[in-house]
Each structure stands twice: as structure tokens, then as C-alpha cells.
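As a plain string of letters, each chain reads:
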Amino acid sequence: MKKTPRLVPFAAALSTALLLLLFTASIFAEQSDAIVPVTLPEDFSDPENLHLISCGEDRLAVSGTQGQKSFATLLDGSGAALDTVSVDFECPYSFSRKDRFYFVCPMKMGKNPVVSGIRIISYFLSGDSFEYGDAVILPNVFATGINEFYADDDGNFYSTNNLSPDSLLVFDETGELLLQVQTKRGAFSSICISPGGTLYAMYTGDSRIGVLPLPMRGEGDLPLLDSSLPVPVFRFLDETTVLDGAGTLFSVSADTGVFSTLSEPGGQCECACILPDGGAVVKTAEDAALEFRDGNAAAQYRFGGTLLDLAGSGKTAAALVRTEDGLTFAPSLRFRKRTLKAPIPAAGSRARPASLPPRKAAPGSKAKNTGSTGPFSGFTSRKKQPMPS
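Residues numbered from 1 in each chain as written. Predicted model: local features only at pLDDT ≥ 70, side-chain atom pairs only at ≥ 80, totals over all residues. Heavy atoms only, no water.

1. Side note on the overall build of the chain
Where we set the bar: Under the DSSP-based scheme used, a helix requires at least four consecutive residues in state H or I and a strand at least two consecutive residues in state E, with every element numbered from the N terminus. Throughout, a contact is declared for two residues whenever any of their heavy atoms are within 4.5 Å. Using a 1.4 Å probe, the Shrake-Rupley method yields the accessible areas, and only the shown protein chains count as cover for residues.
On a plain count of helices and strands, the chain comes out with one helix and 29 strands. Restricting the contact set of the chain to residue pairs at least 6 apart, pairs at least 24 apart contribute 44%. Summed over its atoms, the accessible surface of the chain is roughly 19,700 Å², and 53% of this surface lies on carbon and sulfur atoms.

Below is the structure:
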């Protein structure tokens, strides 16, 4: 009797091959989001002032200085280097706004007298590369961080640290002075521009915050809000989330611009980001960060080294970490994460339970009034106008 050929060994081999293929594919998929070393450019073997900066959709940049030179390396969402630029100036402050990247370099010019100022070197972010834009010198203007010097989406510059502390100076992208806005509220102690293009200002002589959607048209002092206040060092993590220098998280009303305290994690303002799904991650220790949701601490990250910076960009949230092996980039925050079993309010948290209805505005409060007398009235649908020269 003729025997039927046995197919079991062949089927088993085929099954094993398929499993191996799937296993290999899963490894490569995992590696595509793995922690990767950051390759530093030549002449930057031991850089300082290292930062991770969001540069648009799924693009980030690592910037730093060494001696009298500065660099920026553009990365994609997985940490692969796309382009690198360097300048022969020490620029401890660098940032990105819309489609531009800026180096801000302190400088001195002249001999008698010596005049101090800043040099701004800009690059356009063009896909996978930096394209040189311009170099502008602003005498008698100083900048050590975002709350003294800022740029808007059109490339205009805003400065409060100048020879007139009661004045906000506005320059165009070529360095020409457009506006000098004087205040009667003491001096400008801080400014910040939201991702949506709203200017916020704080003053030494007033306990309220000024707010004005851009562009400015010579309106004078900014309209004031009765609002919870950040300390003068603060930054927007996204359009509706702010973290200040005391480590307090705020939500920001898109309609009124009013700040409401979410929690007080006590983290570091300069090292925080928003996750693609909306959670906020804030550095709270040299090697650790907490994830917050609705004002509650929901998870903890451990980085196995010194956490230098966090940044979010589009579908990516990443960390820049210095370990024993060198500088590393972690896309999607691929570090050891421990989810807290029962999310608990951070120390000093004032977050309201989700089951409670939102607070109503206090009688007579202008800060939460979204009608014609609100601080944003007349601005929300305002078309962009050219700034007067």
C-alpha cells in the first residue's frame, strides 16, 4: 500500500521560520524606538549648556556650547541625525519658533565706550536640514532666557532686558525697532509668548498678568487679568499648559487666557514636556521625572543617568540623558517607567476631582468673562495687521 508523504516536519520548519521572522521583525521594530547614542560634531567632545529643543513635527535638535563655539544637530523622531550646524560664538541660549532656529549670543562691541548686546543667528528649518537665515545684532539688549527675549511666528523679537526696564522693545527680523511699549506698572519682570501667538507679561509693580494676542499695534500697556500667577520664570509646554520656575503646573484657558493651578510638583521648569497623548512629564530629581495627568502624579520615569532635558514634538516625546556611556537620546521616553497604581495628587496639588463641575466665575470677575468686556474681546478673530514702523 502506497504511503502518504508526511508533511509534519515541513510544517514544523515553516512554522519555526515564520516565528523567527516575526521575532526578528519585532526586534527591529523595538530597535527603531530604542535609546540611541548622540553623535557629537567635531570640536565638541565635552559640550556644555546641552538642550533638547522641539523643531516642528517629529523634529528635535540637540544644542550645546564648548569654548567660544556652539552647535545644533537636527534629529528625527527616532534620534537619527539629519543635519548639523555650528557657529564660532558662545551661544548659551538657543530656541526654535515655528520654522526657525535661533542662536542667541552675548557680545560686546566698540572700545570707548564698550557697548554690550546680543547677536542672533537664525536658520530656517527646511525639512531635514538647516538653511542659513540671517545674523542680527541688537545693541543694549540682553538675553539669558526665554522670559527676557522671545520671537514670534513672523520672526519679530521682543526684549525686556534693555537700558529701559520699563519698556518692551519690539524689533523686526532685520533688527529694526518697530515698537517701544512703556509701562506704568514698574518694570517688566517677565514676558512669554504662547504657541498660539499670545503675549503674556508680568510686572514688578502689579500682581496681575498682562495678556495680548499678537501682533501688537502700539496699544500701550497690556490688558490685565485677575488670574492665578506663575512666578516670573515660566514657559508654555503647549497651548494650554504652563510650568513655572517654582514647579507649579497651570492650565490656561483658550478663551480668556486665565491661568488655573493644576498641581505643584516642585519640578524643574527648564526640563519638562508634553506627551503626544497630553500628559505632562516634569523632571523632579537628577535621574527621574514624574508624569502628571489632570494634576495628579500618574507615573514615574527613571533614566539611569543625569536627565539633561525633555522635549515633545508631534508624535514624539524624548529625553536627553548623560550616562556612563555618554550622551543618549530616548525617543518615546523609552526608559524604565513605573505606573502608580492609584494616581495621587502631587504635593500641594489643588486639582479638582473629575466628578466635580468646573468652578464658576466669581461675581463681577473680568478674568473669566468671555463676553465683550473680557480681556480677549476684539482679539480672537482679529486679522493679522502689519506692525507700524
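Moving on, there is more to tell.
2. Examining the pairing of strand β5 (residues 81-87)
Two faces make up the sheet, and in a regular strand the side chains alternate between them. To keep things clear, this is the line we draw: Only strands joined by at least two bridges in the DSSP assignment are considered to pair.
Two elements, strand β4 (residues 69-76) and β5, share six bridges in a ladder whose sense is antiparallel. By the bridge assignment for β5, Phe71 is matched with Ser86. With antiparallel pairing between neighbouring strands as the criterion, β4 and β5 make up a hairpin whose turn holds four residues, including Gly79 at a positive phi of roughly 100°.

3. Considering the pattern of salt bridges
As a reminder, the rule being used: A pairing counts as a salt bridge when a side-chain nitrogen of Lys or Arg comes within 4 Å of a carboxyl oxygen of Asp or Glu. For the exposure calls, accessible area comes from a 1.4 Å probe over protein chains only, and a residue counts as buried if that area is under 20% of its type's maximum, exposed if over 50%, partly exposed in between.
Considering all chains together, one arrives at ten salt bridges under this definition. Where Arg59 meets Asp128, a salt bridge forms, and the shortest distance between an N and an O atom there is 2.6 Å. Here Arg59, found in strand β3 (residues 59-66), pairs with Asp128, found in the loop between β8 (115-126) and β9 (129-139); they are 69 residues apart in sequence, far enough to count as distant. Look at Arg59 and you get partly exposed, because its relative accessible area is 22%. Across the pair Arg302 and Asp287 runs a salt bridge whose closest N-O atoms are separated by 3.1 Å. Here the residue Arg302 occupies a position in strand β25 (residues 296-302), and Asp287 occupies one in the loop between β23 (280-285) and β24 (288-293), the gap between them amounting to 15 residues. On the basis of relative accessible area, Arg302 is assigned to the partly exposed category, the value being 32%. You can call Asp287 partly exposed: its relative accessible area is 28%.

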